[in-house]
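Next come the chains, spelled out residue by residue.
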Amino acid sequence: MADENIIYNADGSRSDENGVRIESASTLSETDKKCPNCGGTMDFDPESGKLHCPYCDYQETIPSPDDAPESAQELSFADAENKETNCNWGAQKKAVVCKSCGAETIYDALDISNECPYCGSNQVIEASDKNTIAPGGVVPFKITQEVAGQNFKNWIGKKFFCPKLAKESARPESFKGIYLPYWTFDTKTTSSYTGQYGKDHTEYYKDSQGNQRSKTVTDWYNTSGIYRLDIDDELILATNRHNTAIINGLAPFDTADNKAYKPEYVAGFAAERYTIGLKDGWEKAKSIITGKINSGVTQKIRYEHNADHVRNVRISSRFADITYKYLMLPIWVSSFKYNSQVYQFMVNGQTGKVYGKTPVSAGKVLLVVGLCILAVILLGILFYALGGE
């Protein structure tokens, strides 16, 4: 944000042109250091899992203290529920002064990391304050930008109905790596239920003309019982800034393969804070888990009674030992413009899975429809000719 767009208030504070207050933030020393060989900015390298200098290929192992956990720890939801405040991060901004060149950049308060637009230096910012929870872990990138681009090229190449010009305008090298915030929830559920199950049998009878007929009759029985389900890492996207449908298409992520959060892992990548707080995240997870319980109870009744039908099921569930993790998951993001419309696509930074939407060529659709009609006509002619003989 340029200086002319900053408003200096009477109390000494600053705001943007929309009146949004600008807070100060500082970068972390772990990612401020430069390559010891050439002084270049070092990024996290998905291929080696180390810090890497793109200028001289120097690599450095990310330090891990002996007493530090290797992965994100499960935290008590009950304890956090009384502490966490759900801030409106979307209405805040922060100013970051680059320690390499001194330039000041204005960011959304949602951003945890980015790069200085003037010198390219990494700017990994403190990930929490008094009103937020810091990430507990990160699933590091394993897919490089080059591999992501190749996967995308292969993926879009198989889209027959995508116009040729659209395929040519989609550039794999334009991918941007970003870490998105997720909540994971564990819980032990116990559900009591009542319901009815039906078993079919065939009855025979004679109609008014004396002909024997058959019909299916369902006998209904009452049932009740207990159903237990343990949930491990129910994954909830904790931001509403992106296309949820596309992100969901990148699943699954192996959340067990995470590292305890260190700023070095996000060096060179953009990263975001959560906009969906812990409590709201749990409500979303609870809704998904409730659906799994409902499905599980129905299947249990069917299996135990060899039932053909299940109805009138009522369930009362208890959620115990609720724990959570706040994880950052890796995604490669890009987009291309075709016929004045922007199409976004993403690549799972852990598995390489590609998902997105592509334009559809009306010409190719008409061609396929025409060929199908022609095939039907030819088959009809052939059938008629054979029948005529």
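Our structure's up above, just so we're on the same page.
Let me sum up the structure you'll find in this document. (Residues numbered from 1 in each chain as written. Predicted model: local features only at pLDDT ≥ 70, side-chain atom pairs only at ≥ 80, totals over all residues. Heavy atoms only, no water.)

## A look at the pairing of strand S13 (residues 176-206)
Basically, it comes down to this: Pairing between two strands is assigned when DSSP locates at least 2 bridges connecting them. Going along the chain from the N terminus, every DSSP run of H or I of four or more residues is numbered as a helix, and every run of E of two or more is numbered as a strand.
Taken together, the 21 bridges between S13 and strand S17 (residues 309-338) define a ladder with antiparallel strand orientation. Each bridged residue has a counterpart across the sheet, and for Lys188 the counterpart in S17 is Ala320. Examined bridge by bridge, S13 and strand S16 (residues 270-272) share two bridges and lie parallel to one another. The residue bridging Tyr179 from the neighbouring strand is Ala271, located in S16. In the sheet, S13 pairs with strand S14 (residues 212-237) via 24 bridges, with the strands oriented antiparallel. Paired with Tyr182 across the two strands is Leu237, which belongs to S14. Here S13 folds back onto S14, and the loop between the two strands holds five residues, one of which, Gly210, carries a positive phi near 90°.

## Notes on the state of the cysteines
The condition is simple: Only a pair of cysteine sulfur atoms within 2.5 Å qualifies as a disulfide here. Burial classes: relative accessible area under 20% of the type maximum marks a residue as buried, over 50% as exposed, and values in between as partly exposed (1.4 Å probe, protein chains only).
Under the definition given, this model contains zero disulfides. With no disulfide of its own, Cys38 lies 3.4 Å from the sulfur of Cys53, the closest cysteine sulfur. According to the relative accessible area criterion, Cys38 is partly exposed, its value standing at 41%. Free cysteine Cys56: the closest other cysteine sulfur is in Cys35, separated by 3.5 Å.

## Let's talk about the side chain of Gln350
Worth spelling out the cut-off: We call two residues in contact whenever any of their non-hydrogen atoms come within 4.5 Å of each other.
The residue Gln350 is located in the loop between strand S18 (341-348) and strand S19 (354-356) in this model. Among the residues examined, Gln350 registers a relative accessible area of 10% and is labelled buried. Leave out the neighbours within four places in its chain, and Gln350 touches Val139, Lys142, Ile143, Phe253, Asp254, Asp257 and Pro330.

## Re a nonpolar patch on the surface
Applicable threshold: For patch detection, residues must exceed 30% relative accessible area and be free of salt bridges, and they are connected within 9 Å for like charges or within 5 Å for nonpolar side chains (Val, Leu, Ile, Met, Phe, Trp, Tyr). Surface exposure here means Shrake-Rupley accessible area, sampled with a 1.4 Å probe, where a residue is shielded only by the protein chains that are shown. A pair is scored as a salt bridge if a Lys or Arg side-chain nitrogen falls within 4 Å of a carboxyl oxygen belonging to Asp or Glu.
Taken together, the side chains of Leu367, Val369, Leu371, Ile373, Leu374, Ile377, Leu378 and Ile381 present a nonpolar region at the surface, about 750 Å² in accessible area. In this structure, Ile373 sits in helix H6 (residues 362-388). Given a relative accessible area of 49%, Ile373 falls into the partly exposed group.

## Some points on helix H5 (residues 278-305)
Selection rule: To estimate how far a helix should extend, the number of its residues minus one is multiplied by 1.5 Å.
Taking 1.5 Å of rise per residue, 28 residues should cover 40 Å, and H5 covers 40 Å from first to last C-alpha, within 8% of that figure. Those residues of H5 that sit buried are Leu278, Gly281, Trp282, Ala285, Ile289, Ile293, Gly296, Val297 and Ile301. Looking one or two residues past H5, Asn306 carries a phi angle of roughly 50°, positive in sign.

## A short note on the sheet that holds strand S4 (residues 43-45)
Spatially, the three strands line up as an open sheet ordered S4-S5-S6, and their pairing is antiparallel. Looking at which strands have only one partner, the edges of the open sheet turn out to be S4 and strand S6 (59-60).

## Observations regarding unusual backbone geometry
Looking along the chain, the bond that leaves Ala251 and enters Pro252 is cis, with omega of 5°. Tracing the backbone through its elements, the reader meets Pro252 in the loop between helix H4 (244-248) and strand S15 (259-260). Of note, Asn306 is a non-glycine position whose phi angle comes to about 50°, a positive value. When you line up the elements, Asn306 lands in the loop between H5 and S17. The residue Asp321 is not glycine, and still its phi comes out positive at about 50°. Along the chain, Asp321 falls in strand S17. Among the residues examined, Asp321 registers a relative accessible area of 56% and is labelled exposed.

## Remarks on the environment of Ala285
Position of Ala285 relative to the elements: it lies in helix H5. For Ala285, a relative accessible area of 0% puts it in the buried group. In sequence terms Ala285 and Thr184 are 101 residues apart; their C-alpha atoms lie 8.4 Å from each other. Aside from chain neighbours lying at most four places away, what touches Ala285 is Phe185, Glu234 and Ile236.

The values are spatial; any link to function lies outside them.
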